[in-house]
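# Observations on chain architecture
What follows is each chain in one-letter form.
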Amino acid sequence: MYALVDGNNFYVSCERVFRPSLQGRPVVVLSNNDGCAIARSNEAKALGIGMGQPYHEFRRLEGDAGLVTLSANFTLYGDMSTRLMSIAAGLGPEQEIYSIDESFVGVAGVPAITRRAHLVRERLLQWIGVPCGIGIGPTKTLAKLANHVAKSADRKPGSYPGEFARVANLGELPASDLDAVLAATELGDVWGIGRRIGEQLRAAGLRTALDVARLDPATVRRRWSVVLERTVRELQGQPCIQLEDAAAAKKEIACTRSFGRTIQRLQDLQEAVTEFVGRAAEKLRRQESLAGQLLVFIHTSPFRRQDRQYARSITVPLRRPTADTLHLADVAITALQAIYRPGYNYAKAGVMLLDLQDQAVKQGELDLDEPGADRGRLMAAMDAINRRHGRGAVHAASAGTTGDRREWAMRQQRRTPHYTTDWRQLPIARA
Ligand SMILES: [Mg+2]
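Residues numbered from 1 in each chain as written. Predicted model: local features only at pLDDT ≥ 70, side-chain atom pairs only at ≥ 80, totals over all residues. Heavy atoms only, no water.

Bringing helix α13 (residues 266-286) into the picture now. Taking 1.5 Å per residue, 21 residues should reach 30 Å; α13 reaches 30 Å between its end C-alpha atoms and fits that length. On its buried face, α13 sits against β9 (253-263), β10 (289-300), β11 (311-322), α14 (325-339) and β12 (346-358). Phi for E288, located one or two positions after α13, is positive at around 55°. (Helix = DSSP H or I, 4+ residues; strand = E, 2+ residues; numbered from the N terminus. Expected span 1.5 Å × (residues − 1). Contact = heavy atoms within 4.5 Å.)

Next up, the structure:
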């Protein structure tokens, strides 16, 4: 049995924890440089704002509909994610962190799992303030579908029976009830059915998850692919996808592992993290993306009660978006060194690539560190520009600045503070 814990509209929910005035309002979080929507509150979805839609297309709703737009605050989301994951880990003995706000938990043999899931969900809400949906099923695909059911039943009453709201356990249903749930689910909402396969299936006359579940696996393999065959079998309740064996998510790429036995030495963690970076970067290149930020986390096991507990993550903005394994590994190692503390039994580590962008879309930048760059001409050009446009029109960004300077210089006009990771930016409840 698997459970999938997933934060609702995660980036928006993180922002709302610290700005309760955003509750009930349409809120959108924008990608790097405020380009397009990467997270939407339910109210923003109701306004018709699409995932990935360019900002200029819905900007007018700020005036017309009270829309609030925010710049992405990955430092905040990364830290909130680590907190969410460490609480979600309490659901069962095995955990796979699938993306920044989603984790699969192996819950085989865990007693009264539906009730336990409700308790973990309440704890998540109380301790970190992020509403989550939890789906449970005998396969990962069914757990994912159960999660979709849990969220839809909560958000759109009538879409599924009300008892599935927030926590849906498809593992306890009589077969006829499971069929009814599958029949109420559009096939495009099934994990692993992308847009292209979805269109092909619809062209073949299929409509719902139940239609897909009733296909013959052998025929599916011959006519489509082994991947779709796996999805069909999983919908039929036959587990084919193991924990930590999943395809890449689209918005961010995670590579995380539980260690076979606990690790204490920095050197060993460095090797593990380097390997994770390699795998994540390979997926990144395969989907022709670049990462703008990188998150590294390490933690001990909450199931080793005898151990002192430690969990930390760190999110590093990259100077330039990249898919270069060596560069990403460098950044990840430095980040790991910053959060590593000796004397703990580390059970898990991971790397997440965030702020993904299409590799075809690149911010123009002069590479001034290029070997053989003609500095004389560069200086002459700088002086000429400054004479013409005023002193300081062009200047070295490194002069007397801190790491935050570049973020400040980027177009992130609406970014909220790093509430949870910087003493100077702590929220003040009573001034
Ligand atoms: Mg989510």
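This is not the end of the story, as more comes after the structure.
So, about the sheet that holds strand β8 (residues 167-169). Across the sheet, five strands lie side by side as β5-β6-β1-β7-β8; this open sheet has mixed pairing. Since the sheet does not close on itself, it has two edges, and those belong to β5 (94-99) and β8, each with one partner. When the angles between neighbouring strand axes are averaged without regard to direction, this sheet yields 15°. Here strand β1 (residues 2-7) pairs with strand β6 (residues 102-106) via five bridges, running antiparallel. When the sheet's bridge partners are listed, L4 is paired in β6 with F104. Running at roughly 160° to strand β7 (residues 132-137), helix α6 (residues 113-127) makes contact with β1, β7 and β8 of the sheet. Set on the sheet, helix α7 (residues 140-155) makes contact with β1, β5, β6, β7 and β8; between it and β7 the angle comes to about 140°. (Pairing = 2+ DSSP bridges. Axes fitted to C-alpha atoms, helices over the stretch in contact; angles between N-to-C directions.)

This paragraph deals with the coordination of the magnesium ion. All of the protein donors around the magnesium ion are D6 (OD), G7 (O) and D101 (OD); their distances to the metal are 2.1 to 2.4 Å. Read N to C, the donor residues that coordinate the magnesium ion are spaced as D-G-x93-D. Of the two residues, D6 sits in strand β1 while D101 sits in the loop between β5 and β6, which places them 95 residues apart along the sequence. Accessibility expressed as a relative area gives 10% for D6, which makes it buried. (Donors = N, O, S within 2.8 Å, 3.2 Å for Na, K, Ca; no water. Buried < 20%, exposed > 50% of the residue type's maximum accessible area, 1.4 Å probe, protein only.)

Moving on: the pairing of strand β3 (residues 37-40). Judged from the three bridges that link them, strand β2 (residues 27-30) and β3 form a sheet pairing that is antiparallel. Bridge pairing links V29 to A39 in β3. If you look at the hairpin formed by β2 and β3, you'll find six residues sitting between the two strands, and N33 has a positive phi there, around 60°.

All right, on to the confidence of the model for the protein chain then. Looking at the protein chain as a whole, the pLDDT averages 89, with 91% of positions reaching at least 70. Confidence, expressed as mean pLDDT per element, reaches its minimum in the protein chain at helix α16 (residues 404-409) with 43 and its maximum at β7 with 98. Scored below 50 in pLDDT, residues 399-410 shows 11 contacts in the model against residues more than four places distant or in partner chains. (pLDDT = per-residue confidence, 0-100.)

Our next topic: the pattern of salt bridges. Tallied over the full model, the rule gives 15 salt bridges. Here R214 and D179 are joined by a salt bridge, their closest N and O atoms 3.5 Å apart. One end of the pair, R214, is in the loop between α10 (209-213) and α11 (217-223); the other, D179, is in helix α8 (residues 175-183), and 35 residues separate them in sequence. For D179, a relative accessible area of 29% translates into the label partly exposed. Among the salt bridges present, the one from R221 reaches E229, with a minimum N-O distance of 3.7 Å. (Salt bridge = Lys/Arg side-chain N within 4 Å of Asp/Glu carboxyl O.)

Right, let's get into unusual backbone geometry. With a phi angle near 40°, N9 is a residue other than glycine that sits in the positive phi range. Residue classification places N9 among the buried residues on the basis of a relative accessible area of 18%. The phi dihedral of D355 is positive, around 55°, even though this residue is not glycine. Among the secondary structure elements, D355 is positioned in strand β12.

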